[in-house]
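Now for the letters of each chain:
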Amino acid sequence: MKVFFATALFFVFVGVSSADTIAVIGTGDVGHALGVSFAKQGHTIVYGSRNPDRGSVQDLVEETGHGATATTQAEAVVGADIVVLAVPGMLVEEITLSLGDLSGKIIIDPTNPLQRSFLTLRHGVDTSNAEIIQAAAPDADVVKAFNTLNWKTMLEPDESGGPVSVPLAGDSGSAKRKVAKLVEGMGLDPIDVGGIENAHWIEGMLILWINNRYGSTRDSFDFYLRRTP
Ligand SMILES: NC(=O)c1ccc[n+]([C@@H]2O[C@H](COP(=O)([O-])OP(=O)(O)OC[C@H]3O[C@@H](n4cnc5c(N)ncnc54)[C@H](OP(=O)(O)O)[C@@H]3O)[C@@H](O)[C@H]2O)c1
């Protein structure tokens, strides 16, 4: 009996300790979708906003639940294990630098550096946003993730009519495994596509996706990468 209670306590402890504090920087569509989805998995969300007292941010905190709060962007990261940069894609360097010390944290990068070129969008940086963020926070582990699907699919993956892949790129295997668990917990399919140098191509996938979705005569699609045996 003693062994049973000791084992049960161990699993309760392990379960509790596996909950992370996740700072979600930016309270737009992606911040909303990822914050709500991660909170459902038992994690504590701290939204970082330029205006945390705004009504829409307070509504998001209430919708998220599970002890969620909102504060400034720089304060949100202080006690966080994981930082999500759900911010405009052409501002990632200045926003990352403004957050202070991110050493030892996992940074999830769902951003896309989009630049308009007449009727279509093109990749707006020579390398990738993930590499720019990694250079701005060299002692953090950046994982590119979630940039290739619409925020509605993040919240309701079953509405896509089939499985949807989330390609992950980054140089830390343990960070990618942790992000893969979050992806799986949302009902999406994580695919490790290698080091951070591959983030450029993942960002390219979104350029293809978005130009097709909003191009009048093209097929729209979601990405599903089938594993080979
Ligand atoms: N929309 C999608 O379906 C989708 C899907 C995949 C990836 N993405 C990418 O994910 C990123 C976020 O997308 P989103 O649609 O959520 O964008 P968004 O609606 O424009 O939200 C970005 C959030 O960032 C904060 N922000 C805006 N300007 C800022 C500034 N100058 N400095 C600091 N923070 C600022 C704002 O939050 P506060 O007002 O609270 O500060 C804002 O709500 C983008 O890079 C986008 O390309 C989008």
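Check the entry above for the structure.
Computed from a predicted model, the values in this text were never measured in an experiment.

**With respect to the overall build of the chain**
- Looking only at helices and strands, the chain features nine helices and ten strands.
- Taken over C-alpha atoms, the radius of gyration comes to 18 Å for the chain, in line with the 17 Å a tight globule of 229 residues would show.
- Within the span of the chain, comprising 229 residues, buried residues form 40% of the whole.
- For the chain, restricting intrachain contacts to residue pairs at least 6 apart in sequence, the fraction spanning at least 24 positions comes to 67%.

**Re the environment of Ala-136**
- For Ala-136, the location among the structural elements is in helix α6 (residues 129-136).
- C-alpha of Ala-136 to C-alpha of Val-179: the two residues are 43 residues apart in sequence and 20 Å apart in space.
- Other than its neighbours up to four places away in sequence, Ala-136 contacts Glu-93, Thr-96 and Leu-97.

**Remarks on the site of the ligand**
- Around the ligand, 24 residues are found, and the nearest of them are Gly-26, Gly-28, Ser-49, Gly-89 and Thr-111.
- With three residues, the top contributor of residues to the shell around the ligand is helix α2 (residues 29-40).
- The residue makeup of the shell around the ligand, split by class, is eleven nonpolar, eleven polar and two charged.

**A few points about helix α9 (residues 199-214)**
- The end-to-end C-alpha distance of α9, which contains 16 residues, comes to 23 Å, matching closely the 22 Å that a straight helix rising 1.5 Å per residue would cover.
- Of the positions making up α9, those classed as buried are Ala-199, Ile-202, Glu-203 and Leu-206. Down the axis of α9, the buried set is contained in an arc of 100 degrees. They therefore lie on one face.
- Among the structural elements, β7 (120-123), α6, β8 (141-144) and β9 (165-168) are those in contact with the buried residues of α9.

**Side note on helix α8 (residues 173-185)**
- Between the first and last C-alpha of α8 there are 18 Å, a value that for 13 residues agrees with the 18 Å anticipated at 1.5 Å per step.
- Inspection of α8 places Ala-175, Lys-176, Val-179, Leu-182 and Val-183 among the buried residues, and these make up the whole buried set. For α8, the buried positions fall inside an angular range of 115 degrees around the axis, keeping them on one side. In this structure, α8 carries Gly-173, Ser-174 and Lys-181 as exposed residues pointing more than 90 degrees from its buried face.
- Buried residues along α8 sit in contact with α2, β5 (106-109), β8, β9 and β10 (189-192).

Rules behind the numbers
- Residues numbered from 1 in each chain as written.
- Predicted model: local features only at pLDDT ≥ 70, side-chain atom pairs only at ≥ 80, totals over all residues.
- Helix = DSSP H or I, 4+ residues; strand = E, 2+ residues; numbered from the N terminus.
- Rg over C-alpha atoms; globule rule 2.2 N^0.38 Å.
- Buried ≥ 20, exposed ≤ 12 C-beta atoms within 10 Å, placed from the backbone.
- Contact = placed C-beta atoms within 7 Å.
- Near = placed C-beta within 6 Å.
- Nonpolar A, V, L, I, M, F, W, Y, C, P; charged D, E, K, R; others polar.
- Expected span 1.5 Å × (residues − 1).
- Arc of directions from axis to C-beta.

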